[in-house]
Amino acid sequence: IENNDNFKYEFIARQFLYQRVLSHNDVYVGNVLELKQSGKVILIDFEYTSYNYRGYDFATFFGRCERKEFRESDICNGKERRQ
């Protein structure tokens, strides 16, 4: 019975993992804005939006955070960010 339960939970987890959902598909520092007064974070530039695997946007964003050009980017301090 325990093996059957494990199989059932694994099946549900795999369905969740591989489910396709509406995704931004271009999440990087230039497309993420923080509203200073409210502290809310919003995404802009939806031209690449389509269906993709759940978690794709998080994975690509954090993967890009590891890249040298992202860490040295001046976009966070750019004029368009201070307005």
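All of the points below concern the structure found in this document. (Residues numbered from 1 in each chain as written. Predicted model: local features only at pLDDT ≥ 70, side-chain atom pairs only at ≥ 80, totals over all residues. Heavy atoms only, no water.)

1. Topic: the overall build of the protein
For clarity, the cut-off: The helix and strand labels rest on DSSP assignments: H or I over at least four residues marks a helix, E over at least two residues marks a strand, and numbering proceeds from the N terminus. Between buried and exposed lies partly exposed: a residue is buried under 20% and exposed over 50% of the maximum accessible area for its type, with that area taken using a 1.4 Å probe on protein chains only. By the convention used here, residues are in contact when the closest approach between their heavy atoms is within 4.5 Å. To measure how exposed things are, a 1.4 Å probe is used in the Shrake-Rupley method; for residues, cover is taken only from the protein chains shown.
Helix and strand content of the protein: four helices and four strands. Starting at the N terminus and walking to the C terminus, you meet the elements of the protein as α-β-β-β-β-α-α-α. Within the span of the protein, comprising 83 residues, buried residues form 16% of the whole. Counting contacts in the protein only where the partners sit at least 6 residues apart, residues at least 24 apart contribute 64% of the total. Accessible surface computed for the protein: about 7,200 Å², of which carbon and sulfur atoms make up 55%.

2. A few points about the side chain of Asn-25
Structurally, the position occupied by Asn-25 is in the loop between strand 1 (20–23) and strand 2 (32–34). If near-sequence neighbours (up to four positions away) are discounted, Asn-25 is found in contact with Tyr-48, Thr-49, Ser-50, Asn-52, Tyr-56 and Asp-57.

3. Looking at unusual backbone geometry
Even without being glycine, Asn-25 reaches a positive phi, approximately 70 degrees. A relative accessible area of 15% means that Asn-25 is categorised as buried. Of note in this structure, Asp-45 is not a glycine but carries a positive phi near 65 degrees. Residue class for Asp-45 comes out partly exposed when judged on its relative accessible area of 30%.

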